[in-house]
Amino acid sequence: MNYNKEYKKYLTSAILDNANNKIASTTLITAFAIYLGIPDFWIGLYVILDTITNIIQIFAAPLFSKIGQSKKVVLINYSLYRISSISFAFIPFISQDINIRIILFFIPAIVYAITGELGYITFVNWRMSLIKKEDRGKFSATKNAFKNTVIVLFSFLMGILLDHFKASGNELFGFIFLFFIVFIIAIIDIILRICTYKPDIEQQKISLKESISFPAKDKSFRKILLFCGLYRFAIGIGTIYLNVYILRYLNISYLYYSILNMIISLSEALFGLYWSKKINDRNWRKVLIPMNTLYIITFLCLSILKDNVLVYFLPIIYLLIGCGNSAYDLYDNIAIYEGALKGYETSYVTFERFIEGIVTALIPLFTSTLLINSGELSIKLTFVISLIFFIIILIFIYSKYINKKLE
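All figures in this text were calculated on a predicted structure; none of them were measured in a lab.

Caption draft 1: The arrangement of the overall build of the protein in detail. Looking only at helices and strands, the protein has 16 helices and zero strands in total. Looking at the protein residue by residue over its 407 residues, the buried ones come to 54%. Of the contacts formed within the protein by residues at least 6 apart in sequence, a portion of 86% connects residues at least 24 apart.

What follows is the structure, encoded as structure tokens:
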């Protein structure tokens, strides 16, 4: 095996994978769902579907430990994952009925979400096994830099193309062209992974009971679970209909929408570096309180500003959301892992994802009655509920984290 050659393959595939995840996720698919005429509730359910299917991660580790990390099995799963992301493009050619379109929309959406969760652990495991410890920091930094560059360029292209085709009365062809780009990236990614070396991994057998029992019984870990659960509900209900709201009710252009998504991607990347410096001494007060304050300001603005004013505040709001997201990502990636019992880190992380999935699954049940008469005021109410929950989280932070070390 040529280490440098394989390192470049893993880096390229990681960049393509992350870029495609962002490109073919809520940004493009939500806009396409609105074009298809899919109701607000179902679009919102799609937005949080990826988090709901975190539940599956707790079954993924035991499953792959039993069947083995066969390259053939993993690549079949990954191919289904990638192909499903472009299957949405066929919906308008199959049916004009909204109910049928909803069903056709969720078939690839569910396949995409489930296969993504099943494949996540194995690819990360392969990559971390192959890449030398001293190269991991450089790998992550390079991947993020290229990924965000691809996302920015695609977002800008998406906005220009969709506005152009919409103005000429051919909006569908604009979406088809963008799905074709996603398809090309997916094919390159799949071929690259087929040709990539799979490191030899000693797979320890993991039982489902072990994946649940240790983190569930750990009293010191419950504070982390409670914080993550509260956060996931607050951010989930606050953003579940955000894209629908600005596209359908504020009626902004696709270019403006694309610029907003560029802002949030760049904000997450840049502020991630800032927060990482803040937590070098493990003083979580420096991250949690400012993070929560940013979300409170965000959802206060979304709740009280009138539409004609809110349109001009959207770039600031998306900047704040990106900043808050990057802060939570650090907490999510570091605090949860460090709060785990040594030797059972994977079980703790997957159990936390399991809890996140359950909490997020409650959101569409909660909002289903709220959106019986779907409309702008109902979505505004979700912003208010999110604001209330972030205030509760701020009280929780002060009572559990201030002047106390992370257990």
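Caption draft 2: Unusual backbone geometry, seen in detail. If you check the backbone angles, N251 has positive phi at about 55° while not being a glycine. By secondary structure assignment, the location of N251 is in the loop between α11 (242–249) and α12 (254–278). On the accessibility criterion, N251 (58% relative accessible area) is exposed.

Caption draft 3: Focus on the packing of helix α4 (residues 71–84) against helix α8 (residues 171–194). Interaxial distance between α4 and α8 falls to 10 Å at its minimum, and their mutual angle equals 175°. In this view, α4 runs roughly antiparallel relative to α8, as classed from their interaxial angle. Contacts between α4 and α8 involve K71, L75, Y78, S79 and R82 from the former and A186, D189, I190, R193 and I194 from the latter. Residues belonging to the contact of α4 with α8 are distributed by class as follows: five nonpolar, one polar and four charged.

Caption draft 4: Broad picture of the pattern of salt bridges. The final tally for this structure, using the stated rule, is eight salt bridges. With a shortest N-O distance of 2.6 Å, D17 and R82 are connected by a salt bridge. Of the two residues, D17 is situated in helix α1 (residues 3–36) and R82 in helix α4; the sequence distance between them amounts to 65 residues. The pair formed by D17 and R82 is uniform in burial state, with each residue classed as buried. A salt bridge links R232 to E356, with the nearest nitrogen and oxygen atoms 3.4 Å apart. In this pair, R232 sits in helix α10 (residues 219–239) while E356 sits in helix α15 (residues 345–370), placing the two residues 124 residues apart along the sequence. Each member of the pair R232 and E356 is classed as buried.

Caption draft 5: Examining the environment of A89 more closely. Structurally, A89 can be placed in the loop between α4 and α5 (91–94). A C-alpha to C-alpha distance of 9.5 Å links A89 and F105, two positions 16 residues apart in sequence.

Caption draft 6: View of the side chain of T196. The residue T196 is located in the loop between α8 and α9 (208–217) in this model. Among the polar contacts made by the side chain of T196, one reaches the main-chain carbonyl oxygen of L192 at a distance of 2.5 Å. Residues in contact with T196, not counting those within four places in the same chain, are E6, K9, Y10 and K71.

About the cut-offs
Note on numbering: residues in each chain are counted from 1, in written sequence order. Where local features are concerned, this predicted model is filtered to residues with pLDDT of at least 70; where side-chain atom pairs are given and counted, the filter is 80 or more; whole-chain, interface and lining totals use all residues. For the side-chain quantities, the full set of heavy atoms in the structure was used; hydrogens and water were omitted. Segments assigned H or I by DSSP are reported as helices when at least four residues long, segments assigned E as strands when at least two residues long, and all are numbered from the N terminus. Burial classes: relative accessible area under 20% of the type maximum marks a residue as buried, over 50% as exposed, and values in between as partly exposed (1.4 Å probe, protein chains only). Two residues form a contact once any of their heavy atoms are found within 4.5 Å. Angular values range over 0 to 180 degrees, each being the angle between N-to-C directions of two axes fitted as lines to C-alpha atoms, with helices fitted over their stretch in contact. Oblique is the label for any angle not covered by the other classes, which are roughly parallel (under 35 degrees), roughly antiparallel (over 145) and roughly perpendicular (65 to 115). When residue character is reported, Ala, Val, Leu, Ile, Met, Phe, Trp, Tyr, Cys and Pro are called nonpolar, Asp, Glu, Lys and Arg charged, and the others, Gly included, polar. By convention in these notes, a salt bridge is any Lys or Arg side-chain nitrogen within 4 Å of a carboxyl oxygen on Asp or Glu. We call two N or O atoms a polar contact when they sit within 3.5 Å, provided that within protein one can donate a hydrogen and the other can accept it, with sequence-adjacent residues counted only if both atoms are side-chain atoms.

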